[in-house]
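Notes for the structure review
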Amino acid sequence: MLLLAACSPDPAALAPTPEVGVWTVRAQRLAMHQTLPGRTVAHMVSDVRPQVGGIIQQRLFDEGQDVEAGQLLYRIDPAIYQAAYDNAKGALAQAQAAVLSARPKAQRYANLAKLDAVSQQDLEEAVATLRQNEAAVMVAQATLQTARINLDYTRVSAPIGGRIGASTYTPGALVTAGQTTALATIQQLDPIYVDVTQSSAELLALRKQLDSGALTSLDGKVPVRIQLEDDSLYEHSGTLEFVGTSVDTGTGNVVLRALVPNPDRLLLPGAYVRAILPVAIDDKAILAPQSAVGRNTRGEATVRLIGDDGRLIERTVRTSGAQQDQWVITAGLQAGEQLVVEGGSKVQVGQAVKTYAVAAAAPEHTDSTSPPTAQGN
């Protein structure tokens, strides 16, 4: 019996070598995205205020509608300003008549002075009178211009085009020049600004990566996608206009401003949105299928690989966001390694395995502008 037992084959040796599907890790060109919170801000804002005082006679617009630049909005009672204009016009005519009377006299005295027919004093007085009358004409012209401006100010027009809000005054109300309360407010909504914030620490880390060559900066205008409050993507893409030049001492954030088309007026000022923008290009990004990344008992991301001896090994990796159905791996994987993507859960770590290649494990368009969908560890 001992001899028979010694000659029996080992069951483990008779078991077939398990097979797993592997994918060769490779470096890829990838646009690095950031998702930043922010608020929408009107492209232009103008408070409509009266330049002269008086009683509002008419309101000539519909609240909440779009108005054009120069469109008449309010009419203030022009009676006293029309009277002032007429008075200034008459004063100008009177001053001009005085000049017509004084100029021939000055010319006549100048000719007589050459013949010693008048005294030099009489000539100087005639010339002085002419100059005074000419100065009076200039003053009267300025007074008339002021009266014309004030009369025009009784017609309150829109300084910019945009959507006008509610009117704070109705016909019959008294308004004054320089009052603090605006008659109405106009906001230009197309295009619209999106102001987002980024911590100065994140901005510093990004700049260090760019300076070291780990990432490549984007050339030209940086496209910006907007994610709405319901997590849907806004159909129009914007562009990054500028990065703030100072850090808010209270929050430690830097403001970035994007300009976004808003033809349908879907975005209203003050709305909370998230801006998704590519900040740099990683020419050596490592991506792994999400199905190939697991978790250990400590919650760390792990992958299974084929070692140099053909046995299964497990390694901890670090992820940073997702690109479609793949994790972006920032540490723990190298190009050229054999990543187990199929059958790895049925094999013990350290066990010898056979491998077969899995095709198309990674999409070929990771250089697109599609944003990351999640954040990893």
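The name recorded for the protein in an unreviewed UniProt entry is Efflux transporter periplasmic adaptor subunit, from Stutzerimonas kirkiae. A UniProt comment under Sequence similarities (unreviewed entry) is attached to the protein, and it reads "Belongs to the membrane fusion protein (MFP) (TC 8.A.1) family." UniProt lists a comment for the protein under the heading Subcellular location (unreviewed entry), and it reads "Cell inner membrane".

Attention now moves to the overall build of the protein. Within the protein, the regular secondary structure consists of 5 helices and 21 strands. The 377 residues of the protein split such that 36% are buried. Of the contacts formed within the protein by residues at least 6 apart in sequence, a portion of 77% connects residues at least 24 apart. Here the protein has roughly 21,500 Å² of accessible surface; of this, 52% comes from carbon and sulfur atoms.

Quick look at the pattern of salt bridges now. Summed over the entire model, instances satisfying the criterion amount to 12 salt bridges. A salt bridge links Arg315 to Glu337, with the nearest nitrogen and oxygen atoms 3.0 Å apart. You can see Arg315 sitting in strand β17 (residues 312-316) and its partner Glu337 sitting in the loop between β19 (326-331) and β20 (338-342), a full 22 residues away along the chain. Among the charged side chains, a salt-bridge network with shared partners connects Asp66, Arg163, Asp190 and Arg265.

What follows concerns the packing of aromatic side chains. What characterises a pair of aromatic rings is the spacing of the ring centres plus the angle enclosed by the ring planes. In this structure the tally under the stated criterion is 1 aromatic pair. Between Phe61 and Tyr74 the ring centres are 5.4 Å apart and the planes differ by 80 degrees, which places this aromatic pair in the edge-to-face class. Residue Phe61 is found in the loop between β3 (54-59) and β4 (66-67), and its partner Tyr74 is found in strand β5 (residues 72-76); the two are separated by 13 residues along the sequence. Judged by relative accessible area, which is 4%, Phe61 ranks as buried. Between Arg59 and the ring centre of Phe61, over which it is positioned, the NZ or CZ distance is 5.3 Å. A cation over an aromatic ring shows up here: Arg257 above the ring of Tyr193, its NZ or CZ 4.1 Å from the ring centre.

When you tally the buried positions in strand β16 (residues 301-306), you get 5 out of 6 residues, the bulk of the element. Examined bridge by bridge, strand β15 (residues 294-295) and β16 share 2 bridges and lie antiparallel to one another. Bridge pairing links Gly294 to Thr302 in β16. From the end of β15 to the start of β16, which pair antiparallel, there are 5 residues, and Gly299 there has a positive phi angle of about 80 degrees. Pairing of β16 with β17 involves 5 bridges; the strand directions are antiparallel. Residue pairing across strands places Arg304 opposite Glu314, the latter belonging to β17. Counting the residues that bridge the hairpin from β16 to β17 gives 5 residues, and of these Gly310 lies at a positive phi of roughly 80 degrees.

This part takes up the packing of helix α3 (residues 79-114) against helix α4 (residues 120-153). Direction vectors running N to C along α3 and α4 enclose 160 degrees, while the axes themselves pass 7 Å from each other. Classed by the angle they form, the pair α3 and α4 counts as roughly antiparallel. Crossing of α3 against α4: the hand is left-handed. A per-class count over the contact of α3 with α4 returns 24 nonpolar, 7 polar and 6 charged.

Time to look at the side chain of Ser167. Tracing the chain through its elements places Ser167 in the loop between β7 (162-164) and β8 (174-175). Only 2.6 Å separates the side chain of Ser167 from the side chain of Tyr74, close enough to count as a polar contact. At 2.6 Å, the side chain of Ser167 and the backbone oxygen of Tyr169 are in polar contact. Those residues in contact with Ser167 that sit more than four places away from it in its chain are Arg59, Phe61, Glu63, Tyr74, Leu183 and Ala184.

Attention shifts here to α3. Here α3 is 36 residues long and its end C-alpha atoms lie 54 Å apart, about the 52 Å a rise of 1.5 Å per residue gives. Taken together, the buried positions of α3 are Tyr81, Tyr85, Ala88, Leu92, Ala95, Val99, Ala102, Ala106 and Ala113. In this fold, the buried residues of α3 make contact with α4. Following α3 by one or two positions, Asp116 adopts a phi angle in the positive range, close to 55 degrees.

By size, the foremost hydrophobic cluster in this structure holds 33 residues, and its most contacted members are Leu73, Tyr74, Ile164, Leu183 and Ile186. Those elements giving two or more residues to this core turn out to be β5, α3, α4 and β9 (184-199). The element that contributes the greatest number of residues to this core is α3, accounting for 8 residues. Ignoring anything within four residues of it in the chain, the contact list for Ile164 reads Phe61, Asp62, Glu63, Gly64, Gln65, Val67, Leu73, Ala184, Thr185 and Ile186.

Moving on, we come to unusual backbone geometry. For the bond running from Asp190 to Pro191, omega is 0 degrees, close enough to zero to count as cis. In this fold, Pro191 is placed in strand β9. You will see that Asp231, though not glycine, has its phi angle at about 75 degrees, which is positive. Unusually for a residue other than glycine, Arg265 sits at a positive phi of about 60 degrees. Within the secondary structure layout, Arg265 lies in the loop between β13 (253-260) and β14 (272-289). By relative accessible area, which is 25% here, Arg265 ends up partly exposed.

Definitions and cut-offs
Residues numbered from 1 in each chain as written. Predicted model: local features only at pLDDT ≥ 70, side-chain atom pairs only at ≥ 80, totals over all residues. Heavy atoms only, no water. UniProt positions renumbered as here; feature names shortened; annotations may be inferred. Helix = DSSP H or I, 4+ residues; strand = E, 2+ residues; numbered from the N terminus. Buried < 20%, exposed > 50% of the residue type's maximum accessible area, 1.4 Å probe, protein only. Contact = heavy atoms within 4.5 Å. Areas by Shrake-Rupley, 256 points an atom, 1.4 Å probe, with all protein chains shown as cover. Salt bridge = Lys/Arg side-chain N within 4 Å of Asp/Glu carboxyl O. Phe/Tyr/Trp six-rings, centres within 6.5 Å; stacked < 30°, edge-to-face > 60°. Lys NZ or Arg CZ within 6 Å of the ring centre and 35° of its normal. Pairing = 2+ DSSP bridges. Axes fitted to C-alpha atoms, helices over the stretch in contact; angles between N-to-C directions. Parallel < 35°, antiparallel > 145°, perpendicular 65-115°, else oblique. Left-handed = near helix turned anticlockwise from the far one by under 90°. Nonpolar A, V, L, I, M, F, W, Y, C, P; charged D, E, K, R; others polar. Polar contact = N/O pair within 3.5 Å; in protein donor to acceptor, adjacent residues only side chain to side chain. Expected span 1.5 Å × (residues − 1). Core = buried A, V, L, I, M, F, W, Y, C linked by side-chain atoms within 4.5 Å.

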